[in-house]
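# Chain and residue survey
Chain by chain, the residues run as shown.
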Amino acid sequence: PFLFVMANNRAYSIVKGRMVSMNGESIRHERMIGMDLRNPDLDFMHLAASMGVPAEKVSTPAEVVPALQRALARQDGPGLLEIEVLDPAAWSPRK
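First things first, this report covers the structure right here in the doc. (Residues numbered from 1 in each chain as written. Predicted model: local features only at pLDDT ≥ 70, side-chain atom pairs only at ≥ 80, totals over all residues. Heavy atoms only, no water.)

## Points about the packing of aromatic side chains
We count it as follows: Centres within 6.5 Å make a pair out of two Phe, Tyr or Trp rings, where for Trp the six-membered ring is used; the pair is then stacked when the planes are under 30 degrees apart, edge-to-face when over 60, and tilted otherwise. Relative accessibility thresholds used throughout: buried, under 20% of the residue-type maximum; exposed, over 50%; partly exposed, between the two (1.4 Å probe, protein chains only).
Scanning the entire structure with this criterion turns up 1 aromatic pair. Taken together, a centroid distance of 4.7 Å and an interplanar angle of 65 degrees make the contact between F2 and F4 edge-to-face. Overall, the relative accessible area of 46% leaves F4 in the partly exposed class.

Written out as structure tokens, the structure reads:
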């Protein structure tokens, strides 16, 4: 079995951050084309299902460990655990 764990923030945040730090043309014109995975949102659960891959989505820190345990208990091939990280502050250990 193989488990894919994906932190989904609906954006290429690392690339966006790098673009901001470089103050490039896209930043000056406030046009960051292709950096947000929205309109429509990508539905990774349906993508996984379309390939016969069991998947689960969680959206709070408390859900992660139980979901990991369920996913790792499966012995029937690949799986996907999508961790929705839309509010980074909710995931910070410094609350």
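Let's pick the thread back up.
## Concerning the side chain of N8
Note the following rule: Helix and strand assignments come from DSSP, with helices taken as H or I runs of at least 4 residues and strands as E runs of at least 2, each series counted from the N terminus. Throughout this description, a polar contact denotes any pair of N or O atoms lying within 3.5 Å of each other; where both atoms belong to protein, one of them has to be capable of donating a hydrogen while the other can accept it, and for residues adjacent in sequence the pair is counted only when both atoms sit in side chains.
Within the element layout of this structure, N8 appears in strand β1 (residues 2-8). Owing to a relative accessible area of 5%, N8 belongs among the buried residues under this scheme. Looking at N8, its side chain comes within polar contact range of the side chain of E82, at 2.7 Å.

## Remarks on the sheet that holds strand β2 (residues 55-58)
The cut-off we apply is this: We call two strands paired when DSSP finds no fewer than two bridges between them. Axis angles are defined between N-to-C directions and span 0 to 180 degrees, where every axis is a line fitted to C-alpha atoms and, for a helix, only to the segment in contact.
Strand order in the open sheet formed by 3 strands is β1-β3-β2, with parallel pairing between adjacent strands. The outermost strands of the open sheet, each flanked by one partner alone, are β1 and β2. Taking the axes of each pair of neighbouring strands and ignoring which way they run, one obtains an average angle of 15 degrees across the sheet. The pairing of β1 with strand β3 (residues 78-84) spans 7 bridges and is parallel. Bridging across to β3, F2 finds its partner in P78.

## Some points on the layout of surface pockets
Worth spelling out the cut-off: Residues are called lining when one of their atoms sits within 4 Å of a cavity or pocket point, these points coming from a 1 Å grid over the protein atoms alone, where a cavity is a set in which a 1.4 Å probe fits but cannot get out and a pocket is an open set with protein on both sides within 12 Å along at least five of seven lines. Grid points are joined across faces, edges and corners, and a volume is the space filled by probe spheres set on the points. Residue classes follow a fixed rule: Ala, Val, Leu, Ile, Met, Phe, Trp, Tyr, Cys and Pro count as nonpolar, while Asp, Glu, Lys and Arg count as charged, and any other residue, Gly among them, counts as polar.
Here the largest pocket defines a volume of roughly 160 Å³. In terms of lining residues, the largest pocket is bounded by F4, F44, L47, A48, M51, V53 and L80. Top contributing element to the lining of the largest pocket by residue count: helix α3 (residues 44-50), with 3 residues. Split into classes, the residues belonging to the lining of the largest pocket amount to 7 nonpolar, no polar and no charged.

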